[in-house]
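Read off the chains here:
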Protein chains: 2
Amino acid sequence: MPPHGVEHRAEQASLLAGILHDRSTDPRYAELINVVEESSLVVDRKSPEAVNVRELRREYDRERRLPRRLVEETARVTALASQIWSEARRDNDFMAFAPWLDRIFALAREEADAVGHNGTQYDALLDYYEPGMTSSQLSEVFASLQMNLCPLVDALRGARRSASAGLLSREFPLDRQRLFGESVAAALGFNLQSGRIDTAHHPFCTLIGPGDVRLGLRYYARNFARGILGLLHEVGHALYEQGLEPAHYGTPMGEAASLGMHESQARLWENLVGRSEGFWRHFYPQLQRSFHEVLHGVSPNRFRDALNRVNPGVIRVEADEVSYDLHIFIRVELERALLAGDLFAVDLPQAWSELYARHLGVTPKNDRMGCLQDGHWSEGLIGYFPTYSLGNVYGAQLFAAAERELGSLDDAFAAGDFDSLRRWLLEKVYRHGQRYTAATIVEAATGTAPDPSALIESLAGRYPTAL
Amino acid sequence: MPPHGVEHRAEQASLLAGILHDRSTDPRYAELINVVEESSLVVDRKSPEAVNVRELRREYDRERRLPRRLVEETARVTALASQIWSEARRDNDFMAFAPWLDRIFALAREEADAVGHNGTQYDALLDYYEPGMTSSQLSEVFASLQMNLCPLVDALRGARRSASAGLLSREFPLDRQRLFGESVAAALGFNLQSGRIDTAHHPFCTLIGPGDVRLGLRYYARNFARGILGLLHEVGHALYEQGLEPAHYGTPMGEAASLGMHESQARLWENLVGRSEGFWRHFYPQLQRSFHEVLHGVSPNRFRDALNRVNPGVIRVEADEVSYDLHIFIRVELERALLAGDLFAVDLPQAWSELYARHLGVTPKNDRMGCLQDGHWSEGLIGYFPTYSLGNVYGAQLFAAAERELGSLDDAFAAGDFDSLRRWLLEKVYRHGQRYTAATIVEAATGTAPDPSALIESLAGRYPTAL
């Protein structure tokens with residue numbers, strides 16, 4: 001936004017946050033929640049009314065513990081800090097942002113203490129994005145991911161590079177990428193009567209209302225992989241949104257179970273569907289016809305090798321599938337340290353570089369490519385990063401379970417059948433809204449509580465180091 | 001928007017309209033207005049407080065007379081009708097839209113009667129967009145425009161066609177149009193510290209908040225004129241917004257005097273600046289360098305002839321400067337007849353064609369090119385069209401007055417000086433917000449009440465029929 005517009009936006013954000021806080025902590029609202037809680041509506045604890053009032057109570061109890069001043073201040077500071085971050089990144093000037101980062105973490109500590117926790121402030125924040133998840137569960141998940149993925153990434157480093165280098169950085173005309181992308185989205189089940197696809201600077205999926213899910217996509221003339229994988233990612237989010245019950249719109253029963261579960265759908269459709277052999281057995285002939293100048297004589301296998309190249313780098317949003325969770329691991333380690341006061345903003349660049357060198361074997365050449373690359377912290381999103389990896393974990397478990405029940409999904413994809421998988425997910429995940437927590441949904445659908453082993457097996461199986 | 005999203009949007013629009021109505025007619029709000037009205041703050045009737053409370057009182061009195069049911073129903077029906085219109089236009093199916101049009105005009109009659117009027121329902125609606133203007137004043141303005149412009153258009157029809165035909169439908173690469181456009185916007189005084197320029201499907205200018213004015217522009221590879229004139233139009237709106245006092249943001253003192261006055265700035269910068277010899281004496285060398293493939297050997301005069309070609313057609317938004325007000329005249333005639341009940345929707349296509357044949361000498365080949373071309377009525381904007389012509393009228397008067405005071409503006413433009421004009425307008429118009437009505441501002445700045453003769457003289461002078 002233009003520099004002179006920032007101040008007013010911060011005031012507006014702060015005012016709105018305060019008004020929302022007042023409304024959601026209104027004593028009359030609490031009374032109404034109470035009336036439902038004491039009524040026969042909640043006898044069946046899985047009824048929509050019981051689920052809704054359970055979730056509204058949870059939100060009310062959390063909100064009630066926050067002082068209005070803190071809510072307003074956080075909204076104001078993060079509105080200003082987002083702009084500072086964006087300028088700091090542009091100018092590669094971390095020190096301009098550092099004091100704001102410290103301030104945001106101080107506000108987050110205050111918020112965590114106000115909400116309450118069992119000694120771990122991080123839990124109070126995490127719970128906001130991934131209800132029920134705790135710091136110690138997270139530590140286990142990431143320990144396992146780190147232990148298994150670091151060696152895998154090392155072994156794969158640049159393995160398929162020579163064969164396919166440069167193939168996907170040839171010029172793929174944008175208008176044809178757009179046409180191809182939209183036909184893929186429709187084939188996967190994105191309903192264009194209840195949604196739209198447009199182009200945008202940052203890819204997104206957003207729900208405007210029932211019957212109106214918007215996708216903003218971006219294509220790159222010389223980075224075909226980023227465009228199509230980004231599309232599949234957002235389509236995954238959109239299938240979840242379009243799979244929620246319209247009758248429950250505006251209530252917890254009509255909302256996704258958690259951010260991690262939402263991300264699981266994005267990552268599942270992006271990686272487990274969109275990188276698969278079956279998917280490209282179905283779509284590659286069409287792709288090759290559309291881009292015959294660049295794909296003439298390129299075998300489907302060579303194309304897929306290029307798409308699935310593992311080459312750890314310093315930028316999260318450009319990461320391959322295998323190293324992606326290590327980027328998240330690093331952020332989670334750092335935000336926990338920043339929150340605990342074990343790390344100060346001023347020391348972040350060095351800590352960032354050390355972790356990248358240790359776990360990914362790469363070093364950002366500047367802060368813009370390092371600790372300034374993501375805007376999450378500037379927006380006050382602390383405890384949010386884990387949901388990316390939880391999404392990968394849930395997605396791999398769900399995909400494996402679907403395959404056990406439905407038979408080879410690769411064969412289905414090759415035959416152009418994406419509906420079997422989508423219907424399975426609709427039944428097991430989407431239609432439930434927030435009836436169950438993400439962990440409960442995963443366990444009910446797969447027979448196992450959330451656990452990274454399905455993800456690790458999936459990656460090890462699809463990225464054999466012998467190649 | 002996607003078809004399935006419309007219903008919910010209509011419900012939301014209706015609910016929001018109802019809530020806004022409740023808040024703006026709250027007895028406590030009336031009491032507060034009253035307190036200020038009876039205080040010493042309004043002793044000086046031109047003080048910001050006096051102006052603000054005068055305008056808030058006007059809005060309150062109007063709103064109070066409307067039943068909430070009508071406000072909600074109008075919001076709901078127009079939200080649905082906009083979508084129906086958009087589909088009807090796409091399918092060239094006027095009959096699908098006709099019943100909605102009758103319904104909207106019925107609601108408008110109800111609104112006019114609720115608000116109150118002296119026998120002319122149209123006045124009650126017009127007053128919403130152009131405070132103080134009446135139907136009978138409007139009739140005089142349009143009678144004069146019609147009487148003078150019809151013969152001028154006839155005499156000019158296709159006059160400069162042969163010399164310049166096709167010149168501006170050559171291919172002007174979009175990226176360079178964008179760069180050229182942005183340099184023009186900056187040169188005219190659009191402040192990029194307090195605004196942004198992006199591309200959009202429909203050109204617009206909107207105020208997000210103080211210090212944040214957004215322009216959405218559109219360029220056409222084979223219609224250079226439409227892109228640059230559209231840009232100048234929106235920049236005109238933007239200069240007005242950026243010229244309002246930020247300290248008065250959110251109050252009538254910080255808002256434009258009227259829609260007609262807003263449009264006057266768009267039309268002044270588009271036509272009286274952007275089509276002038278001086279403007280292109282300054283910018284043509286840069287333009288020619290940027291588009292040397294298409295403009296090599298094209299003289300500035302030939303270029304300007306192509307830009308200023310008069311060739312009446314059936315589409316308002318593509319109209320040349322001379323015939324533009326006749327498009328408006330036709331719409332105003334028709335909406336007055338529709339409101340008065342002298343014309344029913346079902347007879348609109350024929351009435352539309354007859355007026356186009358009579359006043360512009362052209363006949364739309366279908367309804368999509370005829371009475372379905374504009375979305376205004378579907379959105380409930382009745383009494384809005386006149387503000388386009390009032391804008392032309394005010395703009396021509398203001399421009400002539402500025403020139404009398406400042407000396408030749410053409411010479412100023414040729415020297416790259418657009419600031420003298422902008423500062424004059426800032427002083428005479430922008431900074432006043434709603435301190436005065438549009439008519440008062442025009443009279444104070446030009447010495448004459450609003451009157452179309454300056455516009456007619458300007459057009460006759462700049463489009464000599466002897467050529």
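These figures come from a predicted structure and were not determined experimentally.

Here is what the cut-offs are and how they apply
- Residues numbered from 1 in each chain as written.
- Chains lettered and ligands numbered in written order.
- Predicted model: local features only at pLDDT ≥ 70, side-chain atom pairs only at ≥ 80, totals over all residues.
- Heavy atoms only, no water.
- Pairing = 2+ DSSP bridges.
- Helix = DSSP H or I, 4+ residues; strand = E, 2+ residues; numbered from the N terminus.
- Axes fitted to C-alpha atoms, helices over the stretch in contact; angles between N-to-C directions.
- Contact = heavy atoms within 4.5 Å.
- Buried area = accessible area lost by both parts, 1.4 Å probe.
- Salt bridge = Lys/Arg side-chain N within 4 Å of Asp/Glu carboxyl O.
- Patch = residues over 30% accessible without salt bridge, like charges linked within 9 Å, V, L, I, M, F, W, Y side chains within 5 Å.
- Areas by Shrake-Rupley, 256 points an atom, 1.4 Å probe, with all protein chains shown as cover.
- Least-squares fit on C-alpha atoms with pLDDT ≥ 70 in both.
- Phe/Tyr/Trp six-rings, centres within 6.5 Å; stacked < 30°, edge-to-face > 60°.
- Buried < 20%, exposed > 50% of the residue type's maximum accessible area, 1.4 Å probe, protein only.
- Disulfide = S-S within 2.5 Å.
- Polar contact = N/O pair within 3.5 Å; in protein donor to acceptor, adjacent residues only side chain to side chain.
- Left-handed = near helix turned anticlockwise from the far one by under 90°.
- Nonpolar A, V, L, I, M, F, W, Y, C, P; charged D, E, K, R; others polar.
- Parallel < 35°, antiparallel > 145°, perpendicular 65-115°, else oblique.

*Asks:* Mind showing me how you'd approach the sheet that holds strand 1 (residues 195-199) of chain A here?
*Replies:* Residues and elements named next belong to chain A. Spatial ordering of the open sheet is given by 1-3-2, a layout of three strands whose pairing is mixed. Both edges of this open sheet fall to strand 1 and strand 2 (204-209), since each of them pairs with a single strand only. In this sheet, adjacent strand axes meet at a mean angle of 20° when their direction is disregarded. As defined by bridge partners, strand 2 adjoins strand 3 (residues 212-217) across five bridges and the pair is classed as antiparallel. Counterpart to Thr206 in the pairing with strand 3 is Arg214. Relative to the sheet, helix 10 (residues 224-243) contacts strand 1, strand 2 and strand 3, its axis offset from that of strand 3 by approximately 175°.

*Asks:* What is the right way to read the interface of chain B and chain A from this model?
*Replies:* One widely used convention gives an interface's size as the accessible area the parts lose upon coming together. At the interface, 18 residues of chain B touch 18 residues of chain A. For the pair chain B and chain A, the two sides together bury roughly 1,400 Å², of which 57% comes from carbon and sulfur. The interface formed by chain B and chain A contains zero salt bridges. Of all the secondary-structure elements, those providing two or more residues to the side of chain B that touches chain A are helix 1 (6-24), strand 1 (195-199) and strand 3 (212-217) of chain B.

*Asks:* Teacher, can you tell me more about a nonpolar patch on the surface here?
*Replies:* A cluster of nonpolar side chains, Leu15, Leu16 and Ile19 of chain A, forms an exposed patch at the surface whose accessible area comes to about 280 Å². Within the secondary structure layout, Leu16 of chain A lies in helix 1 (residues 6-24).

*Asks:* Looking at this structure, how should I read the environment of Val332 of chain B?
*Replies:* Residues and elements named next belong to chain B. Mapped onto the secondary structure, Val332 falls in helix 15 (residues 324-340). For the pair Val332 and Leu138, spaced 194 residues apart in sequence, the C-alpha to C-alpha distance is 9.4 Å. Val332 has contacts with Tyr122, Leu138, Phe142, Phe385 and Pro386, leaving out every residue within four places of it along the chain.

*Asks:* Help me out: how do you make sense of the relation of the copies chain B and chain A in this one?
*Replies:* Taken together, a rotation about one axis and a shift along it account for how the two chain copies relate. Expressed as a screw operation, the relation of chain B to chain A combines 0.0 Å of axial shift with a rotation of 180°, fitting to an RMSD of 0.0 Å. The superposition of one copy onto the other is thereby described by a two-fold rotation axis. No C-alpha of chain B lies nearer the rotation axis than that of Ala200 of chain B, which sits 5.5 Å from it. Both copies contact each other with a shared surface, as 100% of the interface residues of chain B are interface residues in chain A too.

*Asks:* Quick question: what am I supposed to make of the packing of aromatic side chains here?
*Replies:* The description of an aromatic ring pair uses the distance of the two centres, along with the angle that the planes make with each other. Residues and elements named next belong to chain A. Counting across every chain of the model gives 56 aromatic pairs over all chains. When the centroid spacing of 5.8 Å and the interplanar angle of 15° are considered together, the rings of Phe283 and Phe418 count as stacked. In this pair, Phe283 sits in helix 12 (residues 277-290) while Phe418 sits in the loop between helix 18 (409-414) and helix 19 (419-428), placing the two residues 135 residues apart along the sequence. Judged by its relative accessible area of 2%, Phe283 is buried. We classify Phe418 as buried; its relative accessible area is 1%.

*Asks:* I keep staring at the sheet that holds strand 3 of chain B and nothing clicks. Help me out?
*Replies:* In sheet architecture, strand pairing relies on hydrogen bonds along the backbone and comes in two forms, parallel and antiparallel. All names here are of chain B. Taken together, the three strands give an open sheet; going across it, the order is 1-3-2, and neighbouring strands pair in mixed fashion. The open sheet is flanked by strand 1 and strand 2 (204-209), the only strands paired with a single partner. Taken pair by pair, the neighbouring strands of this sheet meet at an average axis angle of 20°, ignoring direction. Where helix 10 (residues 224-243) meets the sheet, its contacts fall on strand 1, strand 2 and strand 3, and the angle it forms with strand 3 comes to roughly 175°.

*Asks:* Explain the pattern of salt bridges to me, please; I cannot follow it from the model alone.
*Replies:* Once the charged atoms of two side chains with opposite charge are near each other, the side chains can pair. Residue and element names in this part refer to chain A. On inspection of all chains with the given rule, the structure shows 58 salt bridges over all chains. Here Arg28 makes a salt bridge to Glu31, at a shortest N to O gap of 3.0 Å. Within this pair, Arg28 and its partner Glu31 are both found in helix 2 (residues 27-37), separated by three residues, close to a single helical turn. Look at Arg28 and you get partly exposed, because its relative accessible area is 48%.

*Asks:* Quick question: what am I supposed to make of the state of the cysteines here?
*Replies:* By definition, a disulfide links the sulfur atoms of two cysteines through a covalent bond. Residues and elements named next belong to chain A. As enumerated under the stated definition, the model contains zero disulfides over all chains in all. Looking at Cys371, it has no disulfide partner, and the nearest cysteine sulfur is the one in Cys150, 20 Å off. Of the residues examined, Cys371 reaches a relative accessible area of 5% and is grouped as buried.

*Asks:* I would appreciate a short explanation of the side chain of Ser47 of chain B in the present structure.
*Replies:* Counting through the fold element by element, Ser47 of chain B comes out in the loop between helix 2 (27-37) and helix 3 (48-64). From its side chain, Ser47 of chain B meets the backbone oxygen of Leu41 of chain B in a polar contact 3.2 Å long.

*Asks:* Sorry, what's going on with helix 6 (residues 121-129) of chain A here?
*Replies:* In an α-helix, one turn spans 3.6 residues, which is why side chains three or four residues apart end up on the same side. Of the positions making up helix 6 of chain A, those classed as buried are Gln121, Tyr122, Ala124, Leu125, Leu126 and Tyr129 of chain A. In this structure, the buried side of helix 6 of chain A is in contact with helix 3 (48-64), helix 5 (94-115), helix 7 (135-156), helix 11 (259-273), helix 15 (324-340) and helix 17 (386-406) of chain A.

*Asks:* Before we go on, may I ask you to explain the packing of helix 15 of chain B against helix 16 (residues 348-360) of chain B in this structure?
*Replies:* Describing two packed helices takes the angle between their axes plus the distance from one axis to the other. All names here are of chain B. For the pair helix 15 and helix 16, interaxial distance at closest approach is 10 Å and the crossing angle is 145°. The element helix 15 and its partner helix 16 pack so that their crossing is right-handed. Here helix 15 contributes Leu326, His327, Phe329, Ile330, Arg331, Glu333, Leu334 and Leu338 to the contact with helix 16, which in turn contributes Leu348, Ala351, Trp352, Leu355, Tyr356, His359 and Leu360. Along the lines of polarity and charge, the residues of the contact of helix 15 with helix 16 split into 11 nonpolar, two polar and two charged.

*Asks:* Honestly, the environment of Ile456 of chain B in this entry has me stumped. Any pointers?
*Replies:* All names here are of chain B. Examined against the element boundaries, Ile456 turns out to sit in helix 21 (residues 453-462). We classify Ile456 as buried; its relative accessible area is 13%. Once the C-alpha coordinates of Ile456 and Leu145 are considered, the two residues, 311 residues apart in sequence, prove to be 7.3 Å apart.

*Asks:* Just to check I follow, could you spell out helix 21 of chain B for this structure?
*Replies:* Looking at helix 21 of chain B, one finds that the buried residues are Ala454, Leu455, Ile456, Ser458 and Leu459 of chain B. Here the buried face of helix 21 of chain B lies against helix 7 (135-156), helix 11 (259-273), helix 15 and helix 17 (386-406) of chain B.

*Asks:* Sorry, what's going on with the packing of helix 4 (residues 68-90) of chain B against helix 5 (residues 94-115) of chain B here?
*Replies:* Residues and elements named next belong to chain B. For the pair helix 4 and helix 5, the least separation of the axes is 10 Å and the interaxial angle reads 155°. It follows that helix 4 is roughly antiparallel to helix 5 by the angle criterion. By crossing handedness, the relation of helix 4 to helix 5 is classed as left-handed. Residue-level contacts link Arg69, Leu70, Glu73, Thr74, Arg76, Val77, Thr78, Leu80, Ala81, Ile84, Trp85 and Ala88 of helix 4 to Ala96, Phe97, Trp100, Arg103, Ile104, Leu107, Glu110 and Glu111 of helix 5. Across the contact of helix 4 with helix 5, the residue classes break down as 12 nonpolar, two polar and six charged.

*Asks:* Would you mind showing me how to read the pairing of strand 3 of chain A here?
*Replies:* On a regular strand, each side chain points to the face opposite its neighbour's, so the side chains alternate between the two faces of the sheet. Residues and elements named next belong to chain A. Where burial is concerned, most of strand 3 is hidden: five out of the six residues are buried. Pairing of strand 1 with strand 3 involves five bridges; the strand directions are parallel. In the sheet register, Gly195 faces strand 3, and the bridge partner there is Val213. Hairpin geometry of strand 2 and strand 3 is characterised by an intervening segment of two residues between the two adjacent antiparallel strands and by a positive phi of about 80° at Gly211.

*Asks:* Would you mind going over unusual backbone geometry with me for this structure?
*Replies:* Note: most residues except glycine have negative phi, and most peptide bonds are trans. All names here are of chain A. The backbone of Asn92 sits at a positive phi, close to 50°, despite the residue not being glycine. Within the element layout of this structure, Asn92 appears in the loop between helix 4 (68-91) and helix 5. Since its relative accessible area comes to 30%, Asn92 is described here as partly exposed.

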